[in-house]
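Listed below, chain by chain, are the residues.
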Amino acid sequence: MMTINKILVANRGEIALRVMRTAREMGIKTVAIFSEADRNALHVRYADEAVCVGPAPSSESYLRGDAIIEVCRRLGVDAIHPGYGFLSENANFARQVREAGLLFIGPSPESIEVMGSKLAAKAAVADYDIPMVPGTPSAITDRAEAKLISAKIGYPILIKASAGGGGKGMRVVESDADFDEQMDRAVSEAISSFGDGSVFIEKYVTSPRHVEIQVLGDQHGNIIHLFERECSVQRRHQKVVEEAPSAILTPEIREAMGQAAVGVARACNYYGAGTVEFIVDANLNFYFLEMNTRLQVEHPVTELITGVDLVEQMIYIAEGKPLTIKQEDLQIKGHAVEIRVYAEDPANNFLPDVGTLDTYVRPQGNGVRVDDGFEQGMAIPIYYDPMIAKLITYGDDRAAAIQKMIRAIDEYQISGVQTTLGFCRFVMNHDAFRSGQFDTGFVSKYFTADVLDTKPDAEETELAAVFAAYLLDKQAAKPSQTQTVGPARPKSQWRTKRLG
Ligand code: MV4
């Protein structure tokens, strides 16, 4: 067991701030790294010390493991928190950190490696009674055999890349006649994207829901789960809305999924914070897909419904402390919803819209959490993910959290860039979302650019009429005074400055 006195956060933006805030609460010194594009970033200002590690492109800065470890040596850092993305799931980096005598605030390099390969993950969990989609347990080598298996499973089937993730290298095969063509595509995509052409087959679960379980494991073999997050509202494998708990799980299914997730973690001797991803079919059967060996973007919804600070737990675990939270201590309280606010234009196929945040005013109030890394006047760099903020609301139940989200979206004022706020309002107001009757097809099924409400709403129109009447009245009362009644009601700055 050791005590961490100084943490370097090998990340940027909202997650770097998120990690440093908890470190500071724990009395731990913080070191930021930054690229030349992030000199004035909030995570740099927040940290006790900050070091530039290179030019704007990630490959020359945030991905420079060697340079980052060198900074740790120079500044007397004990531990590195990788956040998400960048080096967070790089087993070699985790190994180099360990070899440099530093703590990696995350799982072992071995766990990262096993879960980084879908086939290795399937092999690892084989003895743990984890529900899996029917399919091939190893890479396809013989096409004739693969076609026989596919016929037996029943079309449609999926060909997936073992090294894949986020839907990359995934191909649906509708029938035996399509098999060879889709197989060729899947293999060449897997080679070009991952340098590994291994693919396998799974039955295609149509219109699934994405439900994932948060786990925490310590270095003494204790593993607990912190219930589920539902992330079915996605667009091209990019999550848009996440919530906890899921609107569809019964206590029995929740318990079974939690047990399965703990089994997956146990199968790879997991420690740290991790997420076990499942798909759930229309009959509420669930199947293990993969494990993410990092702190996830959507972790705040779990923090809000459990009251657990996941970063604090990650730090204790890295220090070698045993978990003090017992499974039976945990319970779900209330409901949390998160939306990701991106600098993207929903009216233009979600094209990234980088620029300067001319207006940037966060929503506030009871039950509202904003995790972001920007302030008014800052530019959103083109080099990185265009996420501006995560907006999270919390209420007694799902309906309350959704209503609070709509209120918070309406309060958010952003100008200078197009954002996904209006798109998220559309989701929050949609009957399918509100009733819980949705799956991973939600966005493609219901969203087209023209559903975005950019016109003034009924209330605003009514206010305009009242105002016009008032002006006319005033004019009538004082005929001597010149009074022009221009456009019914001058559009308020408050309205124009936020995205419709
Ligand atoms: C599937 C599936 C249906 N059947 N596997 C997409 C990303 C990767 N994590 C796994 N994915 C899927 N795997 C079988 N056997 C459907 C998807 C899928 C999906 C999964 C979760 C969230 C959104 C999705 C969107 C499209 C497809």
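Use the structure listed above.
Owing to the predicted nature of the structure, the values given are computational and were not obtained by experimental measurement. (Residues numbered from 1 in each chain as written. Predicted model: local features only at pLDDT ≥ 70, side-chain atom pairs only at ≥ 80, totals over all residues. Heavy atoms only, no water.)

(A) Just the sheet that holds strand β14 (residues 335–342), in detail. Reading across the sheet, the eight strands line up as β13-β12-β9-β10-β11-β14-β19-β18 and stay open at both edges, with antiparallel pairing between neighbours. Each edge of the sheet is formed by a strand with only one pairing partner; in this case those strands are β13 (286–292) and β18 (368–372). The average undirected angle you get between the axes of adjacent strands in this sheet is 25°. In the sheet, strand β11 (residues 238–244) pairs with β14 via four bridges, with the strands oriented antiparallel. Note that in β14 the partner of V241 across the bridge is I339. (Pairing = 2+ DSSP bridges. Helix = DSSP H or I, 4+ residues; strand = E, 2+ residues; numbered from the N terminus. Axes fitted to C-alpha atoms, helices over the stretch in contact; angles between N-to-C directions.)

(B) The side chain of D281, seen in detail. Residue placement: D281 occurs in the loop between β12 (272–280) and β13. At 3.4 Å, the side chain of D281 and the side chain of Y287 are in polar contact. (Polar contact = N/O pair within 3.5 Å; in protein donor to acceptor, adjacent residues only side chain to side chain.)

(C) Region of the structure containing the site of the ligand. If you check the shell around the ligand, you find 18 residues, and the closest are K160, E202, K203, V205 and E277. One of the side-chain nitrogen or oxygen atoms of K160 is found 2.9 Å away from a nitrogen atom of the ligand. Measuring from a nitrogen atom of the ligand, one finds a side-chain N or O atom of E277 at 2.9 Å. Alone, the ligand offers 520 Å² of accessible surface; in the complex the protein occludes 91% of this. Those elements giving two or more residues to the shell around the ligand turn out to be β6 (157–161), β8 (199–203), β12 and β13. By residue class, the composition of the shell around the ligand is eight nonpolar, five polar and five charged. (Near = heavy atom within 4 Å. Areas by Shrake-Rupley, 256 points an atom, 1.4 Å probe, with all protein chains shown as cover. Nonpolar A, V, L, I, M, F, W, Y, C, P; charged D, E, K, R; others polar.)

(D) Summary view of the sheet that holds strand β2 (residues 29–35). A sheet is described by the order of its strands in space; here five strands give the open sequence β3-β2-β1-β4-β5, paired in parallel fashion. Two strands close off the open sheet at either side, each with one partner strand: β3 (49–54) and β5 (103–104).

(E) Representation of the nonpolar core within the structure. Membership of the largest hydrophobic core comes to 41 residues, with the highest contact counts inside it found for I339, I388, F423 and M428. Each residue touching I339, except ones within four places of it in the same chain, is listed here: V240, V241, A389, K390, L391, M405, I409, L421, C424 and M428. Within the second largest apolar cluster, 34 residues are counted, among which are I7, A16, V19 and L226. (Core = buried A, V, L, I, M, F, W, Y, C linked by side-chain atoms within 4.5 Å. Buried < 20%, exposed > 50% of the residue type's maximum accessible area, 1.4 Å probe, protein only. Contact = heavy atoms within 4.5 Å.)

(F) Inspection of the packing of helix α1 (residues 13–25) against helix α11 (residues 310–318) at higher detail. Their axes nearest at 9 Å, the elements α1 and α11 cross at an angle of 65°. On the basis of their axis angle, the class for α1 and α11 is roughly perpendicular. Seen along the crossing, α1 lies across α11 with a hand that is right-handed. Listed contacts from α11 to R18, V19 and T22 of α1 are L310, V311, E312 and I315. A per-class count over the contact of α1 with α11 returns four nonpolar, one polar and two charged. (Parallel < 35°, antiparallel > 145°, perpendicular 65-115°, else oblique. Left-handed = near helix turned anticlockwise from the far one by under 90°.)

(G) Structural view of the pairing of β6. Most of β6 is tucked away: five of the five residues are buried. Pairing of β6 with strand β7 (residues 171–173), which is carried by three bridges, proceeds in the antiparallel orientation. Of the residues in β7, the one forming a bridge with I157 is V173. In this structure, β6 lies alongside β8, joined through five bridges in antiparallel fashion. Bridging from a neighbouring strand, L158 pairs with E202 of β8.

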